[in-house]
Amino acid sequence: MLMDDLRGMFYIALKDLRAYYFKPPNISWGILFPFAFILAFAIRNPGDLRALVPGLLALTVLFGTSSMEAIVIVFERRIGSLERLFLAPLRLPALLAGKLLGGMAFGLTVTLVVLALALAFFGVDGVNWLLLLPALLLSAMAFSALGAYVSVAVREVFEAQTLANFIRFPMMFLGGVFVPLDSLPAWLQFVARLLPLTYAVEALRIALSGGRGRTAWTDLGALALFSVSFFWLAVRTLEQQME
Amino acid sequence: MTPVIQVSGLTKHFPQKGQPPLRAVNEIDFTVQEGEIFGFLGPNGAGKTTTIRILTGLSRPTAGQVQVLGLDLASDLVRIKKRIGVVPETCNLYDELTAFDNLIFSMQLYGVPRRERKDRAEELLNRFRLGEKRSVPFARLSRGMKRALTIAAALAHCPALVFLDEPTTGLDVMSARTLRQMIANLRNEGVTVFLTTHYLEEAERLCDRLAIIVKGKIVALDTVAGLKACTPSKVKLEVTLAGADGQVEKRRLECDHGVEPALQQLLTESEGRSILSIDTLRPSLEDVFVHLTGLSAEVMLAEKGGKEVKNVNG
């Protein structure tokens, strides 16, 4: 049964990447959108551009993984093709994990392009690769699971887009992308600590500055916890819908 | 014969706010034998689709026991899914993938060995007359072709049991005819078919046995001949009359009080016209259906199109 699940996950991810993700508009939007935000901020507040790289990477992972992920499931449910996956010989968590894997693969691909550009511009000195890779991976997992939960929680594509933006945009302004967490009022810092993007930005900042230590592990642990929680919520929601 | 589906006391209730639960399927029992085409007939809302959804693992029953291919549905669902194929009412393949890629993806999901996939996909495309559409995206196929490809995808992993939910609904005459032939061929290949349809003629032509479900209860289950034999349908005569001017007229006589009084009345009313022929009309499946459900075949089809439902018995 495990082999059935693993095989199903792999082919669902592969099919999603071919059918939905790797289309020219998605690729260009996935790369350009975070750049546009960061550029607008940098023009308004010129300073240390390198300090903006962790936020740029975190935003790219966030939008790269969750934008399509939040739509794919609800879209397939609308046209009936999600039923094909329910009928296939694999368990429900494996089906959702396949969906997650597709989102993660796309999000990480566009992020690696952005990372390569950033490192080419700013240099690779001081990068802690052993922290950077798990930070990117766990961020992609958490945001992809968030997208999957949004997608199963609603009935219409436009509802998924609205809900995803309702979650992502406040997260973007509170998560330490543009403004350091320390400069926020205490109650906003508390809210920021409830958001996965905060931990993604923090982990990436530590990794890119060559840092190590307990904070980074806390960030990675928080991202893993968000991943499991969103994934569990998505599985439970789908199970309840099948009752 | 070996039972392929065994259903006992199957019940499905849907909770409704402020009302008692909706009893979509209510303690039904039936068995489908290996290699037969089993028809499941009933008006809209009778419980056909709910039953199929339960048998294929898309919905959980409220109560009852279900065995499919000798395996328990509650505990062996993944193993059952490996050996069944399902053709839903809507064509639900992937618009973005080509006909060939859709078949390959189906086989990948069901674990068909890599070395067999290409040949099997080509064979299915040719069998369903889609060989020339191999590289065309699903979205660009005609309705009949989409239907055929959806059935082909359900057969891609060589299932022992296939569920077909309204397979010919919305197709033109020729496409529907071709598909019926394909369904009949499945029986010849030893595949068991569970078929729901609104077309009584289709059910009569294809099915070895039929169950008629009304308001969540199975009200009849037999062969087509058995169902007709059990229907207390009145004898009908079809009389062809020829007038002096050579005009031919056909009349149907309901023999409520026997054949003789009906014929005598006809002779009185025929006013010198000669009788060319008298045929006895046997009860049709439609008569059986009308008797059991109170709905006519036309009303059943109108229901399908969302038109007003009328009870033919008043």
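Predicted model only: the values in this text are computed from it and were never measured.

Cut-offs and rules
- Residues numbered from 1 in each chain as written.
- Chains lettered and ligands numbered in written order.
- Predicted model: local features only at pLDDT ≥ 70, side-chain atom pairs only at ≥ 80, totals over all residues.
- Helix = DSSP H or I, 4+ residues; strand = E, 2+ residues; numbered from the N terminus.
- Buried ≥ 20, exposed ≤ 12 C-beta atoms within 10 Å, placed from the backbone.
- Contact = placed C-beta atoms within 7 Å.
- Rg over C-alpha atoms; globule rule 2.2 N^0.38 Å.
- Nonpolar A, V, L, I, M, F, W, Y, C, P; charged D, E, K, R; others polar.
- Pairing = 2+ DSSP bridges.
- Axes fitted to C-alpha atoms, helices over the stretch in contact; angles between N-to-C directions.
- pLDDT = per-residue confidence, 0-100.
- Domains from an automatic or database assignment.
- Parallel < 35°, antiparallel > 145°, perpendicular 65-115°, else oblique.
- Left-handed = near helix turned anticlockwise from the far one by under 90°.
- Expected span 1.5 Å × (residues − 1).

Moving on to the overall build of chain B. When its secondary structure is counted, chain B shows 11 helices and 13 strands. Relative to its 314 residues, chain B shows a buried fraction of 38%. In chain B, the proportion of contacts linking residues at least 24 apart, taken out of those at least 6 apart, comes to 66%.

Glancing now at the overall build of chain A. Looking only at helices and strands, one finds 10 helices and zero strands in chain A. Across chain A, helices and strands are ordered from the amino to the carboxyl terminus as α-α-α-α-α-α-α-α-α-α. Whereas a compact globule of 243 residues would reach a radius of gyration of roughly 18 Å, chain A reaches 18 Å, a difference of no more than 12%. Once the C-alpha set of chain A is aligned to its principal axes, its extents read approximately 55 × 40 × 35 Å. Scored against the burial criterion, the 243 residues of chain A give a buried share of 49%. Counting only contacts in chain A whose residues sit at least 6 apart along the sequence, the fraction spanning at least 24 positions is 83%.

Residues and elements named next belong to chain B. Mapped onto the elements of the fold, proline 61 is located in the loop between helix H1 (48-55) and strand E4 (63-68). A tally of 21 C-beta atoms within 10 Å means that proline 61 is categorised as buried. Sequence spacing of proline 61 and glycine 39 is 22 residues, and the spatial spacing of their C-alpha atoms is 21 Å. Among all residues touching proline 61, those that are not within four sequence positions of it are Leu10, Thr11, Lys12, Ile54 and Val66.

In this complex, chain A contributes 20 residues to the contact, which on the side of chain B involves 20 residues. Among the elements of the structure, helix H1 (2-21) and helix H4 (82-87) of chain A are those that each provide at least two residues to the side of chain A that touches chain B. Here the element with the most residues in the side of chain A that touches chain B is H1(A); it accounts for six residues. In the side of chain A that touches chain B, the residues fall into 10 nonpolar, three polar and seven charged.

Another point: the sheet that holds strand E13 (residues 274-281) of chain B. Backbone hydrogen bonds are what pair the strands of a sheet, in a parallel or an antiparallel way. Residue and element names in this part refer to chain B. Spatially, the three strands line up as an open sheet ordered E12-E11-E13, and their pairing is antiparallel. Of all strands in the sheet, those with a lone pairing partner are strand E12 (248-254) and E13, marking the two edges. Taking each pair of neighbouring strands and ignoring which way they run, the sheet shows an average axis angle of 20 degrees.

A separate point is the confidence of the model for chain B. Residue and element names in this part refer to chain B. The share of residues in chain B with pLDDT of 70 or more is 92%, and the mean pLDDT across the chain is 86. Confidence drops under a pLDDT of 50 for residues 306-314, and excluding neighbours within four residues, the segment shows 12 contacts in the predicted structure. At the level of chain-chain contacts, confidence expressed as ipTM amounts to 0.87, with global pTM at 0.83.

In this section: the domain arrangement of chain B. Taken domain by domain, chain B comprises domain 1 (3-223) and domain 2 (236-282). Here the C-alpha centre of domain 2 of chain B lies 46 Å away from the C-alpha centre of domain 1 of chain B.

All names here are of chain B. Note: strand E9 (residues 209-214) against strand E10 (residues 217-222), five bridges, orientation antiparallel. Of the residues in E10, the one forming a bridge with isoleucine 213 is isoleucine 218. The antiparallel pairing of E9 with E10 creates a hairpin that spans two residues between the two strands, and lysine 215 there sits at a positive phi of about 50 degrees.

All right, on to the sheet that holds strand E5 (residues 71-72) of chain B then. Residues and elements named next belong to chain B. Across the sheet, which stays open at both edges, the four strands sit in the order E2-E1-E4-E5 with antiparallel pairing between neighbours. In the strand order of this sheet, the two ends are held by strand E2 (19-33) and E5, each with one partner. Alignment of E4 against E5, held across two bridges, turns out to be antiparallel. Looking at E5, one finds that glutamine 67 is bridged to aspartate 72. The strands that H1 touches are strand E1 (3-16), E2 and E4; relative to E1, the one it contacts most, it runs at about 115 degrees.

A separate point is the packing of helix H6 (residues 129-153) of chain A against helix H7 (residues 157-174) of chain A. All names here are of chain A. Relative to each other, H6 and H7 sit at 140 degrees, their axes nearing to 9 Å. By the angle between their directions, the pair H6 and H7 is classed as oblique. Crossing hand, H6 versus H7: right-handed. Note on element contacts: H7 touches H6 through Ala160, Leu163 and Ala164, opposite Gly147, Val150 and Ser151. Residues of the contact of H6 with H7, tallied by class, amount to four nonpolar, two polar and no charged.

Between H1(A) and helix H3 (residues 99-109) of chain B, the shortest axis-to-axis distance is 9 Å and the interhelical angle comes to 155 degrees. The orientation of H1(A) with respect to H3(B), classified from their angle, is roughly antiparallel. Contacts between H1(A) and H3(B) pair A:Gly8, A:Tyr11 and A:Lys15 from the former with B:Phe105, B:Gln108 and B:Leu109 from the latter. Of the residues belonging to the contact of H1(A) with H3(B), the class tally is three nonpolar, two polar and one charged.

So, on to the pairing of E1(B). All names here are of chain B. By the bridge criterion, nine bridges tie E1 to E2 in an arrangement that is antiparallel. Along E2, the bridge assignment pairs glutamine 6 with threonine 31. Where E1 folds back onto E2 in an antiparallel hairpin, the turn is made up of two residues, including glycine 18, whose phi is positive at roughly 70 degrees. The pairing of E1 with E4 spans five bridges and is antiparallel. Bridge pairing in E4 places serine 8 opposite glutamine 65.

This part is about helix H5 (residues 92-122) of chain A. Compared with the 45 Å implied by 1.5 Å per residue over 31 residues, the 44 Å span of H5(A) between its first and last C-alpha is a close match. Note on H5(A): the residue one or two positions beyond its end, A:Gly123, has a positive phi of about 90 degrees.

Turning our eyes to something else, we now look at the confidence of the model for chain A. Of all residues in chain A, 99% have pLDDT values of 70 or greater, and the mean over the chain is 89. Mean pLDDT values for the elements of chain A range from 78 in helix H2 (residues 24-44) of chain A up to 95 in H6(A).

Apart from glycine, the bulk of residues carry a negative phi angle, and the bulk of peptide bonds sit in the trans form. Residues and elements named next belong to chain B. Phi is positive for leucine 69, close to 55 degrees, though the residue is something other than glycine. With respect to the element layout, leucine 69 can be found in the loop between E4 and E5. One non-glycine residue, arginine 129, lies in the positive phi region at around 55 degrees. Along the chain, the position of arginine 129 falls in the loop between helix H4 (114-127) and helix H5 (143-155). Given 13 C-beta atoms within a 10 Å radius, arginine 129 is considered partly exposed.

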